[in-house]
Amino acid sequence: MSGYLGSGLGTGSGSGPVFSVEEFVQSLTAQLDRAQDALAIKAKTGRPLTFALKDLSVDLKVFWEAPEGQLRLRHANPNEEGASTVHLSFTTITRAMAEENSLSLSQDEDPRALSEITEQGGLGEQERRQLEMVGIRTVGQFKRLSQNTDPKQVEAYLGIPVNRLRMALERSAQPTVTGNEPVQGADKRRLLRIRGANLMKGETPRVLMSGEPVEVLEASESELLVKPMSHHREGRFEVEVGGQMTGGFYELPTEPNADPFAARQPMRRVGGIKSW
Amino acid sequence: MKQRVSEFLVDLSSDLPSAVVEADTGEGLGVKTFSLSVPIESTIDEAGELAVTLPHGRLATGFDAPHGRLRVSFVRSEAE
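Residues numbered from 1 in each chain as written. Chains lettered and ligands numbered in written order. Predicted model: local features only at pLDDT ≥ 70, side-chain atom pairs only at ≥ 80, totals over all residues. Heavy atoms only, no water.

Below, the discussion takes up the overall build of chain B. Counting secondary structure elements, chain B contains one helix and six strands. Going residue by residue from the N terminus, the α and β elements of chain B occur as β-α-β-β-β-β-β. (Helix = DSSP H or I, 4+ residues; strand = E, 2+ residues; numbered from the N terminus.)

Next up, the structure:
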């Protein structure tokens, strides 16, 4: 897709829905996908030959508005003078080309949204927008920028003060749990997979479930696999990484052969009657 | 009457001749690619969907949307 602003740049005086270019291009792409799907279905209705969409470009008369610093477009209404022309060009690309030119989400070592560290320390809303403008949307991308660039350069180009970048970087390095899920191990035992960021710094972290230490089977920066004890059902878990703590709440399914009373207090005999 | 651009494109492709075949010999000419550049009247609705129609021409009211342009290329594809 390519685009340019043609003659005139005005805000116009009319009314109508306004969209960011990104929103509009996504909507238009979805419409083109629908057209392509419809053409493909036609080919399956018995027609030996049909047509597929190859290229499409469209010139639209729009007015540009920037209410909160974000450029938005509004389609020109009848008899409105001074509209700009936006030219959008689309061509078909293969899945391989799309994947090659996209960021792989699974390869992002810290896929948390940038807002998660900006809300609680360091960067404000304006700074987050400035970073998004240069394509930094996740904490992982922010860390890579910080590793490969002098903070003074970032300050010079984006206007974000060095001390705020440092604060945000410290915040981004803290261990965080983003989720957990029960999984089944090879021996059909219940395991708990804990997802997050900065969950390992050199040595294997210590994990407590309902206050009891449990075995950590696998550990990486973004994921831990731990082995709960047979009586663990639900409760709080804590992860200690390099002296810093994070945690969450877990809930595990009952093991098929588990003793249903195992989670309760051990039985004791009182006057010949079993109680607990 | 404006149509969503997806419906407009499918309708447009329906009117394209795919091949002209000589009945006696069974030989013919097929269309390999088809490119079209047309003026359009367009609007963007609340959901962000682009709706287009060909200009009204002689039926224009003087209160019509400003004209844009749509350029589209179709390529022949064979059924699987």
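What follows picks up the thread again.
Check the secondary structure of chain A and you find seven helices and 13 strands. Residues counted as buried form 36% of the 276 residues belonging to chain A. Expressed as a percentage of contacts within chain A between residues at least 6 apart in sequence, the contacts between residues at least 24 apart total 59%. Within the structure as shown, chain A displays about 16,300 Å² of accessible surface, and the carbon and sulfur contribution to it stands at 50%. (Buried < 20%, exposed > 50% of the residue type's maximum accessible area, 1.4 Å probe, protein only. Contact = heavy atoms within 4.5 Å. Areas by Shrake-Rupley, 256 points an atom, 1.4 Å probe, with all protein chains shown as cover.)

Attention now goes to helix α7 (residues 162–172) of chain A. Quick reminder: α-helices carry 3.6 residues per turn. Residues three or four places apart thus point the same way. All names here are of chain A. All of the buried residues along α7 are V162, L165, A168 and S172. Down the axis of α7, the buried side of the element spans an arc of 125°, and every buried residue falls inside it. Exposed and oriented more than 90 degrees from the buried face of α7 are N163, R166 and E170. (Arc of directions from axis to C-beta.)

Residues and elements named next belong to chain A. In the structure shown here, the tally under the stated rule is 15 salt bridges over all chains. The residue R112 makes a salt bridge to D110 at a minimum N-O spacing of 2.8 Å. With a relative accessible area of 7%, R112 lands in the buried category. Classification of D110 by relative accessible area gives buried; the value is 0%. One salt-bridge network, held together by shared partners, links E181, R193, R195 and E223. (Salt bridge = Lys/Arg side-chain N within 4 Å of Asp/Glu carboxyl O.)

With that settled, the discussion passes to the sheet that holds strand β8 (residues 212–219) of chain A. Residue and element names in this part refer to chain A. Read from one edge to the other, the open sheet built from seven strands follows the order β5-β6-β9-β8-β7-β10-β11, with strand pairing classed as antiparallel. Two strands lie at the open edges of the sheet, namely β5 (176–184) and β11 (244–251), each paired on one side alone. On average, each strand axis in the sheet is tilted by 30° relative to the strand beside it, whichever way the strands run. Here four bridges tie strand β6 (residues 190–197) to strand β9 (residues 223–227), and the two strands are oriented antiparallel to one another. Among the inter-strand pairings, R193 is bridged to a residue of β9, identified as L225. (Pairing = 2+ DSSP bridges. Axes fitted to C-alpha atoms, helices over the stretch in contact; angles between N-to-C directions.)

Each partner contributes residues to the interface: chain B has 39 residues there, and chain A has 35 residues. With both sides pooled, the region where chain B packs onto chain A buries about 3,300 Å², and carbon together with sulfur makes up 63% of that total. Where chain B packs against chain A, one counts two salt bridges. A salt bridge links D59 of chain A to R71 of chain B, with the nearest nitrogen and oxygen atoms 3.1 Å apart. (Buried area = accessible area lost by both parts, 1.4 Å probe.)

A few words on the side chain of S73 of chain B. Within the secondary structure, S73 of chain B sits in strand β6 (residues 67–78). Assessed through its relative accessible area of 14%, S73 of chain B is described here as buried. A distance of 3.0 Å separates the side chain of S73 of chain B from the side chain of S35 of chain B, its partner in a polar contact. The contact partners of S73 of chain B, leaving out residues within four places of it in the chain, are A52, L53, K54 and D55 of chain A together with F34 and S35 of chain B. (Polar contact = N/O pair within 3.5 Å; in protein donor to acceptor, adjacent residues only side chain to side chain.)

Residues and elements named next belong to chain A. Two elements, strand β7 (residues 206–209) and strand β10 (residues 234–241), share four bridges in a ladder whose sense is antiparallel. Across the sheet, L208 pairs through a bridge with E238, a residue of β10. Direction of pairing for β7 relative to β8: antiparallel, over a ladder of three bridges. Across the sheet, the residue bridging to L208 is P213, located in β8. With antiparallel pairing between neighbouring strands as the criterion, β7 and β8 make up a hairpin whose turn holds two residues, including S210 at a positive phi of roughly 50°.

With that settled, the discussion passes to helix α6 (residues 151–158) of chain A. With a side-chain oxygen positioned 2.9 Å from the backbone nitrogen of K152 of chain A, the residue opening α6 of chain A is D150 of chain A. Following α6 of chain A by one or two positions, G159 of chain A has its phi on the positive side, about 75°.

All names here are of chain A. With respect to the secondary-structure elements, T85 resides in strand β4 (residues 84–91). Given the relative accessible area of 13%, T85 is considered buried. Through-space distance from the C-alpha of T85 to that of H75 is 10.0 Å; in sequence the pair is 10 residues apart.

This part covers the confidence of the model for chain B. Of the residues in chain B, 91% have a pLDDT of 70 or more, and the chain-wide mean is 82. Mean pLDDT values for the elements of chain B range from 75 in strand β2 (residues 19–21) of chain B up to 90 in strand β5 (residues 50–53) of chain B. (pLDDT = per-residue confidence, 0-100.)

Let us look at unusual backbone geometry. Residue and element names in this part refer to chain A. Look at K188: it is not a glycine, yet its phi comes out positive at around 65°. The exposure class assigned to K188 is exposed, which follows from its relative accessible area of 61%. Of note, S210 is a non-glycine position whose phi angle comes to about 50°, a positive value. Tracing the backbone shows S210 in the loop between β7 and β8.

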